[in-house]
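# Chains, contacts and geometry: an overview
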Number of protein chains: 2
Amino acid sequence: MTSTLLTNIGQLVSWDDEQPIREKAALVIEGDRVAWVGSSSVTPLADERIDVDGAAVVPGFVDSHTHLVFGGDRSEEFEARLAGQPYAAGGIRTTVAATRALPTPQLRVRATRLAAEALRSGTTTLEIKSGYGLTVEDELRSLEVASTLTPHRTFLGAHVVPEGSDASNYVDLVTGPMLEAVAGVASAIDAFCEEGAFDEDQCRRVLTAGAARGLAVHVHANQLRPGPGVQLAASLGALSADHCTHVTDEDVTALRDSGVVAVLVPAAEFSTRSAYAPARRLLDAGVSVAVATDCNPGTSFTTSMGFVIALACRELGMTPREALHAATAGGASALAQRDVGHLRVGARADLVVLDAPSYVHLAYRPGVDLVRSVIRRGEVVR
Amino acid sequence: MTSTLLTNIGQLVSWDDEQPIREKAALVIEGDRVAWVGSSSVTPLADERIDVDGAAVVPGFVDSHTHLVFGGDRSEEFEARLAGQPYAAGGIRTTVAATRALPTPQLRVRATRLAAEALRSGTTTLEIKSGYGLTVEDELRSLEVASTLTPHRTFLGAHVVPEGSDASNYVDLVTGPMLEAVAGVASAIDAFCEEGAFDEDQCRRVLTAGAARGLAVHVHANQLRPGPGVQLAASLGALSADHCTHVTDEDVTALRDSGVVAVLVPAAEFSTRSAYAPARRLLDAGVSVAVATDCNPGTSFTTSMGFVIALACRELGMTPREALHAATAGGASALAQRDVGHLRVGARADLVVLDAPSYVHLAYRPGVDLVRSVIRRGEVVR
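Residues numbered from 1 in each chain as written. Chains lettered and ligands numbered in written order. Predicted model: local features only at pLDDT ≥ 70, side-chain atom pairs only at ≥ 80, totals over all residues. Heavy atoms only, no water.

## Comments concerning the overall build of chain A
Helices and strands together make up the secondary structure of chain A, namely 13 helices and 16 strands. Here the C-alpha radius of gyration of chain A, 20 Å, is about what a compact globule of 382 residues would show, namely 21 Å. In terms of overall dimensions, chain A has C-alpha extents of about 65 × 45 × 45 Å along its principal axes. Every one of the 382 residues in chain A was classed for burial, and the buried ones make up 60%. Excluding contacts between residues fewer than 6 apart, the proportion of contacts in chain A whose partners are at least 24 apart in sequence is 70%. Carbon together with sulfur atoms contributes 48% to the accessible area of chain A, which is approximately 13,100 Å² in total. Measuring between centres, the 33 positive side-chain charges of chain A sit 3 Å from its 46 negative side-chain charges. (Helix = DSSP H or I, 4+ residues; strand = E, 2+ residues; numbered from the N terminus. Rg over C-alpha atoms; globule rule 2.2 N^0.38 Å. Buried < 20%, exposed > 50% of the residue type's maximum accessible area, 1.4 Å probe, protein only. Contact = heavy atoms within 4.5 Å. Areas by Shrake-Rupley, 256 points an atom, 1.4 Å probe, with all protein chains shown as cover. Lys, Arg positive; Asp, Glu negative; His and termini not counted. Charge placed at Lys NZ, Arg CZ, Asp CG, Glu CD.)

## Things to note about the layout of surface pockets
In this structure, the largest pocket occupies an estimated 820 Å³ of space. Per-element accounting of the lining of the largest pocket gives the leading share, 3 residues, to helix H11 (residues 305–316) of chain B. (1 Å grid on protein atoms, 1.4 Å probe; cavity = no way out; pocket = protein on both sides within 12 Å on 5 of 7 lines; lining within 4 Å. Points joined across faces, edges and corners; volume = space filled by probe spheres on them.)

## Examining the sheet that holds strand S8 (residues 152–158) of chain B
Residue and element names in this part refer to chain B. With respect to topology, 8 strands assemble into an open sheet ordered S6-S7-S8-S9-S10-S11-S12-S13, the strand pairing being parallel. Two strands close off the open sheet at either side, each with one partner strand: strand S6 (61–63) and strand S13 (289–291). On average, each strand axis in the sheet is inclined to that of its neighbour by 25°, with strand direction left out of account. Bridge count for strand S12 (residues 261–264) against S13 is 3 bridges, and the pairing is parallel. (Pairing = 2+ DSSP bridges. Axes fitted to C-alpha atoms, helices over the stretch in contact; angles between N-to-C directions.)

## A look at the domain arrangement of chain A
Residue and element names in this part refer to chain A. The domains assigned to chain A are domain 1 (3–59 + 342–380) and domain 2 (61–334). In this structure, domain 1 and domain 2 have C-alpha centres spaced 30 Å apart. Among the residues of domain 1 in contact with domain 2, Trp15, Tyr359 and Leu362 are the three that bury the most area, contributing 35% of the side total. Where domain 1 touches domain 2, the interface holds 0 salt bridges. (Domains from an automatic or database assignment. Buried area = accessible area lost by both parts, 1.4 Å probe. Salt bridge = Lys/Arg side-chain N within 4 Å of Asp/Glu carboxyl O.)

## A few points about the side chain of Thr245 of chain B
Within the secondary structure, Thr245 of chain B sits in the loop between strand S11 (240–243) and helix H8 (249–258). Not counting residues up to four positions away in its chain, the partners in contact with Thr245 of chain B are Asn222, Gln223, Glu269, Ala275, Tyr276, Ala277 and Pro278 of chain B.

## Some details on helix H2 (residues 92–101) of chain A
Structural remark: α-helix, 3.6 residues per turn; residues separated by three or four positions point the same way. Residues and elements named next belong to chain A. Looking only at H2, the buried set comprises Ile92, Thr95, Val96 and Thr99. Looking straight down H2, one finds its buried side chains confined to an arc of 105°; they lie on one side. For H2, the secondary structure elements touched by its buried residues are helix H3 (104–120), helix H4 (136–147) and strand S9 (188–193). (Arc of directions from axis to C-beta.)

## Focus on the pattern of salt bridges
The full count for this structure, using the stated rule, is 46 salt bridges over all chains. Arg225 of chain A is the salt-bridge partner of Glu195 of chain A, the closest N and O atoms lying 4.0 Å from each other. In this pair, Glu195 of chain A sits in the loop between S9 and helix H6 (200–212) while Arg225 of chain A sits in the loop between strand S10 (216–221) and helix H7 (229–236), placing the two residues 30 residues apart along the sequence. On the accessibility criterion, Glu195 of chain A (60% relative accessible area) is exposed. Under the relative-accessibility criterion, Arg225 of chain A is labelled partly exposed at 31%. Asp339 of chain B is the partner of Arg33 of chain B in a salt bridge, and the nearest nitrogen-oxygen pair spans 2.9 Å. With Arg33 of chain B in strand S3 (residues 33–39) and Asp339 of chain B in the loop between helix H12 (320–335) and strand S14 (351–354), this residue pair connects regions lying 306 residues apart in the sequence. Overall, the relative accessible area of 28% leaves Arg33 of chain B in the partly exposed class. What you see here is one network of salt bridges that share partners, running through Asp32, Arg33 and Asp339 of chain A.

## A closer look at the nonpolar core
Residues Leu264 of chain A together with Leu264 of chain B are the most contacted members of the largest nonpolar core, which totals 205 residues. No other element matches H11 of chain B, which puts 8 residues into this core. Residues contacting Leu264 of chain B, with those up to four places away along its chain left out, are His243, Cys244, Ala277, Ala279, Leu282, Val289, Ala290, Val291, Ala292 and Leu316 of chain B. (Core = buried A, V, L, I, M, F, W, Y, C linked by side-chain atoms within 4.5 Å.)

## Regarding the interface of chain A and chain B
Counting residues at the interface gives 40 residues for chain A, matched by 40 residues for chain B. Surface buried jointly by chain A and chain B totals about 3,400 Å² across both partners, of which 54% is contributed by carbon and sulfur atoms. One can count 4 salt bridges joining chain A with chain B. With its nearest N and O atoms 2.6 Å apart, the salt bridge here joins Asp355 of chain A to Arg113 of chain B. Mapped by element, the contributors of at least two residues to the side of chain A that touches chain B are helix H1 (75–82), H3, helix H9 (266–271), helix H11 (305–314) and helix H13 (361–364) of chain A. Broken down by element, the side of chain A that touches chain B gets its largest block of residues, 5 residues, from H11 of chain A. For the side of chain A that touches chain B, the per-class residue count stands at 19 nonpolar, 9 polar and 12 charged. (Nonpolar A, V, L, I, M, F, W, Y, C, P; charged D, E, K, R; others polar.)

## Brief notes about the packing of helix H3 (residues 104–120) of chain B against helix H4 (residues 136–147) of chain B
Residue and element names in this part refer to chain B. Taken N-terminus to C-terminus, the directions of H3 and H4 make an angle of 45°; their axes are 10 Å apart at the nearest point. As judged from the angle between their axes, H3 and H4 are oblique. The handedness of the crossing between H3 and H4 comes out as right-handed. Two secondary-structure elements touch here, H3 through Thr104, Leu107, Arg108 and Ala111 and H4 through Arg141, Ser142 and Val145. Of the residues in the contact of H3 with H4, the class split is 3 nonpolar, 2 polar and 2 charged. (Parallel < 35°, antiparallel > 145°, perpendicular 65-115°, else oblique. Left-handed = near helix turned anticlockwise from the far one by under 90°.)

The structure is reproduced here in structure tokens:
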């Protein structure tokens, strides 16, 4: 097993309990794991040595909420929104039509390209949802495409009721033949709990059916207005409640008490010109918070976790440290993957060498490509 | 002279009077100039042929307002601002101390690195201000560093009154020995007209002294509160009034009637958490508008015009087309350089090939590096 010493690290963010952030650090990778973390004044033996010249090193970003598999583009809807049209969940149907029309090889090429774009920008762990197929066949092939890109593939048949369908019949389809078809490919299930999408009872049916098949649970909750999504997530022991833009004090308490991770997606609020989620209320109450891109063609067509971190600081009132934690360890919690999102000994060797002396620059230098190098599973991939 | 045909351009933004934006286009570069623009169905003779596979091509960005030459970093001040501390012009003095302390070779290395970062992100024309030296020697060496990077170098001795100086004596220095020393290196003069910086009379003295030496005039105007800066710019026939965050109806009329370009810098407002400039009022009144990064370590540490375009759409209410125009042709107007910021025949062959089918993606895909290739003066530089 090859070992590599990364040394002369100006600032290392490991999220280690004792020294979560250390200056003048070094790190040893053995195979695909972090084998040692310490001071750069110590020189452990290693086969290779990389001097990062004072750069900051942070855990690879964990993007715990994306919709990367889709056809078409909604730049016209985006332009209309800039001209004043509000976002409505119905726009999803535009992408559903384009996705169904796209042959699988093209669907794969497009998703692979976006995943590569995400990796170049430092995202080493990615969740991908289906939800633009909405037929047994199209949901299955979306998840099969996702399965070539990540172990975290979430079945989101309950994204919106497809055109021409009755909601109740469609939920029967989702919880019946569709779930049956995808259960072997998906690792999690999700439902969009919102007016215009699915109500509380429908979401509960979908999510409990998925949980019964061993799938982890996520909920699209409280995005456009207050609603039952967060409480549903808490009552089902979901991994995450995503969006959480409109939450009551009871919702905040439920998140804290249940340990459900609030996955905030400020880039969606940026692109839809909506109000931002109340991150400070959540953090101050002790809720676990993640940030994610929500990459999708309708409301947030970005793969950049750096941009999300900058927005989390500017618009969500998070400190740079809280934002980086949410983009790494927070995302890992939302996906229940314990060996990513940090750089403690034993972690997967997923890390980003920044073109900056401090992680603060991720927020301080918005829009700038600050990724000097990306290492995933111990391999330099950029 | 070598000629190159760029063909299969999905969308070409040339700002040509007849067809400012055309689909399925081609373009011929001869030497460092645009020699022909037309349909991709026509195949003019050329020595080389580049097929851009349906990508959009836009003019290279013109960043008409930057402060790239400086020492140090103000990430701590940035973090304090996130914690609630408001921005004050006095922070400039921190950078002045760091700049004075930095030997010229390091000053050059740092500025060159930022200029290269800007070029990679599509900026092919750059303005650079001094203003972190504030002694004869330090202003001169800042402008000499800038002179290796751009013809657009602006003397901003009147950035702030240096610590320990009296304002009136300092203005004597700026208009006397300092101007004398830099007049051969600078192409323009600028003054920060604001409480805490310089008042109207002081700015007028500085700017008229510069104009008398043949320097073009820019004014830092109305950034933190309403003030006389915009009217001063109009009365002096300045090229631009920069910031324009707090303007009265009379200011708007003065800008329109005088033809002074309003250079808006939304990334500074993003980073300082300030109110955004009233771009719609300016545009709707018929004012010429540019957008720029204002790249500097205190209030806007970004070189990304793509990020500025995304903010101009989200926060300034500009359409993607208006934002792109402001980032190209608008910037060229602010610098009075007629052969950049567009791709009409005769223009300098400065252009960006986007990793997207339409320029709208610059706003639709915030935070994503959408630059596939950059051509400057006919040479592929990325």
